[in-house]
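Tertiary structure, described
Here is how the chains run, residue by residue.
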Amino acid sequence: MATPAESANETASSTLPAFFDDLHEKYISTLAAKLDSPSSYEGAVTEHLRMSGVYWSITALSLLRSPSEVDKLMGLTTQLPVPPPKEGEETVAQRPAIVDWLFDCYDPLTGGFGGNVGHDGHLLYTLSALQVLAVADRLGDPRLDREAVIKFISSLQQPDGSFAGDEWGEVDTRFSYCALSALSILGVLPKKGDTGGVIDLGKAAQYVASCHNLDGGFGCVPGAESHAGQIFCCIGALSIAQSLELVDVDLLCWWLAERQCDSGGLNGRPEKQADVCYSWWILSALSILNRVSWINSEKLGGFILRGQDDEDGGIADRPGNMPDVFHTFFGISGLSLIGHLHQIGDNYRQIDPVYALPTDIVKKLGLKAQVVGGGGKGNETVDERLQMYDVFHIS
């Protein structure tokens, strides 16, 4: 007999609010011009993380449009033409193609990418840069100094297996995920059990496992409070490291399922408000661990869709608030992970819950990871989008 959550998840998508496809395209494709305006408050306060903003924008639109359409709309690999100014308006400066701008953010002193032009290299933005290059099919660009980037990442591993984000030494499990994902994308991540690789993968996995808490969750460092965002980073890192045997799957997934609120949305910690971004952080972990059915996907889909702006496009953190590209990306990704996008249109690309890239790109790059299987011995009980990964069966 199906559980109540499983029965609800099978309800027809017609009961959910409409998805504003065209408005989201417009919102994402016009955002850069708004942020670049000298009078933009949002542009000023997000200047330090523009690289991640570009990744969120490009990947969100890549789930809705084909690669050629994304390039045409966003100027990913070629400059967009500058429209003539309207009467009384200032001439808009020509922006470089996104890939060209991305290489302007490279920091040759560290070997990593910064959050914007002239900023120091950091693991967070190095991963975002590599993800954008993967989407643009430009990982082979001769401007990418692969050896320097690999050296930068490997130099940040600490003796206990953790990773600092940059030369200043802050340690966080976010950086463990960034390091392992980036090295995998570059094709140099050691295999489990190998010695003498660019990093100590075994120590990296053991450090992440040491951040596990009694409630089943994971924190940013050992002993830190469990948080859904950190759980994605830890489960994603252990998936890439082929080390999911280190996870108490049912205890963790119970904690994650408990994050669903009466609104249908998910929160990141107990007693907090639901937020659209946790549609990604929690669903991605549940997808890797084969427990998406433990939440009510229809109610979650309704929460995400009610967070849409029906005038200008984009998705907010919760219904009634202003949209931003961070929640737009994670909201669209959440709708992909529960299968809603692909029920309303077969032209949408799927998101991969491990690498946070379209699944066709992950397959093209041959990226490796591990997911938890169901009751069978093969991979037939694993979500179709994850069947290219190794399957770990809980005994």
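The preceding data block contains the structure.
A brief look at the structure comes next. Position numbers for residues start from 1 in each chain and track the written sequence from start to end. Totals for whole chains, interfaces and linings use all residues, but because this is a predicted model, local features are given only for residues with pLDDT of at least 70 and pairs of side-chain atoms are given and counted only at 80 or more. The side-chain quantities take in all heavy atoms of the structure and omit both hydrogens and water.

Paired rings are identified among Phe, Tyr and Trp, the last through its six-membered ring, by centres lying within 6.5 Å, and are further divided according to the angle between planes into stacked (under 30 degrees), edge-to-face (over 60) and tilted (the rest). Throughout the structure, instances matching the rule amount to 12 aromatic pairs. Centroid distance Y55 to F329: 5.4 Å. Interplanar angle 70°. Geometry classified as edge-to-face. Of this pair, Y55 sits in helix α4 (residues 50-64) while F329 sits in helix α15 (residues 325-337), placing them 274 residues apart in sequence. Across the pair, exposure class does not vary: Y55 and F329 are buried alike. Between F232 and W281 the ring centres are 5.6 Å apart and the planes differ by 50°, which places this aromatic pair in the tilted class. On the criterion of sequence distance, the pair formed by F232 in helix α11 (residues 228-240) and W281 in helix α13 (residues 278-288) is long-range, its members being 49 residues apart. Across the pair, exposure class does not vary: F232 and W281 are buried alike. The structure contains a cluster of three or more aromatic residues connected by ring pairs, namely Y55, W56, Y177, F232, W280, W281, F326, F329 and F330. A ring is scored as having a charge over it whenever the NZ atom of a lysine or the CZ atom of an arginine sits within 6 Å of its centre and within 35 degrees of its normal. The side chain of R259 reaches across the aromatic face of W255, ending 4.5 Å from its centre. Each helix is a run of H or I in the DSSP string that is no shorter than four residues. Each strand is a run of E no shorter than two, and both are numbered from the N terminus. Whether a residue is buried, partly exposed or exposed follows from its accessible area with a 1.4 Å probe, protein chains only, as a fraction of its type maximum: under 20%, in between, or over 50%, in that order.

Right, let's get into the environment of V325. Note on placement: V325 falls in helix α15. Contact between two residues is taken to exist if any of their heavy atoms lie within 4.5 Å; hydrogens are not considered. The residues contacting V325, other than those within four sequence positions of it, are Y27, L31, G53, W56 and S57.

Moving on, we get to α11. Take the number of residues in a helix, subtract one, and multiply by 1.5 Å to get its expected span. Here α11 is 13 residues long and its end C-alpha atoms lie 18 Å apart, about the 18 Å a rise of 1.5 Å per residue gives. Where burial is concerned, most of α11 is hidden: 13 out of the 13 residues are buried. Q242 occupies a position one or two residues after α11 and carries a positive phi of about 55°.

This part takes up unusual backbone geometry. One non-glycine residue with positive phi stands out, namely D137, at about 60°. Relative to the assigned elements, D137 resides in the loop between α7 (123-135) and α8 (146-155). The backbone phi angle of Q242 is positive, close to 55°, even though this residue is not glycine. In this fold, Q242 is placed in the loop between α11 and α12 (249-257).

Once that is clear, we can look at α12. For an α-helix, the turn length of 3.6 residues means that residues three or four places apart are oriented alike. Residues V249, L252, C253, W255, L256 and A257 constitute the buried set of α12. Packed against the buried residues of α12 are α11, α13 and β3 (370-372).

Packed helices, taken two at a time, are described by their axes: the angle between them and the distance between them. Remark: α4 packs on helix α5 (residues 67-74), axes separated minimally by 9 Å, with the N-to-C direction vectors making an angle of 135°. Classified by the angle their axes make, α4 and α5 are oblique. Relative to α5, α4 is oriented so that their crossing is right-handed. Listed contacts from α5 to S57, I58, L61 and S62 of α4 are V70, L73 and M74. Per-class residue counts for the contact of α4 with α5 are five nonpolar, two polar and no charged. Helix axes use the C-alpha atoms of the stretch in contact, all axes being lines fitted to C-alpha atoms, and the angles between their N-to-C directions lie in the range 0 to 180 degrees. Any angle from 65 to 115 degrees is called roughly perpendicular, while one under 35 is roughly parallel, one over 145 is roughly antiparallel, and all others are oblique. Note: crossing handedness is left-handed where the near helix turns anticlockwise from the far helix by less than a right angle, and right-handed where it turns clockwise. Side-chain classes are defined by residue name, with Ala, Val, Leu, Ile, Met, Phe, Trp, Tyr, Cys and Pro counting as nonpolar, Asp, Glu, Lys and Arg as charged, and the others, Gly among them, as polar.

Moving on to the pattern of salt bridges. One speaks of a salt bridge when a side-chain nitrogen belonging to Lys or Arg is within 4 Å of a carboxyl oxygen belonging to Asp or Glu. The full count for this structure, using the stated rule, is 14 salt bridges. Residues D21 and R65 are paired through a salt bridge, measuring 2.4 Å at the closest nitrogen-oxygen approach. With D21 in helix α2 (residues 21-36) and R65 in the loop between α4 and α5, this residue pair connects regions lying 44 residues apart in the sequence. Accessibility classification places D21 together with R65 in one group, the buried group. The residue D383 makes a salt bridge to R385 at a minimum N-O spacing of 3.6 Å. Exposure remark for D383: the relative accessible area of 35% places this residue in the partly exposed category. Assessed through its relative accessible area of 4%, R385 is described here as buried. What emerges from the salt-bridge pattern is a single network uniting D21, D22, E25 and R65.

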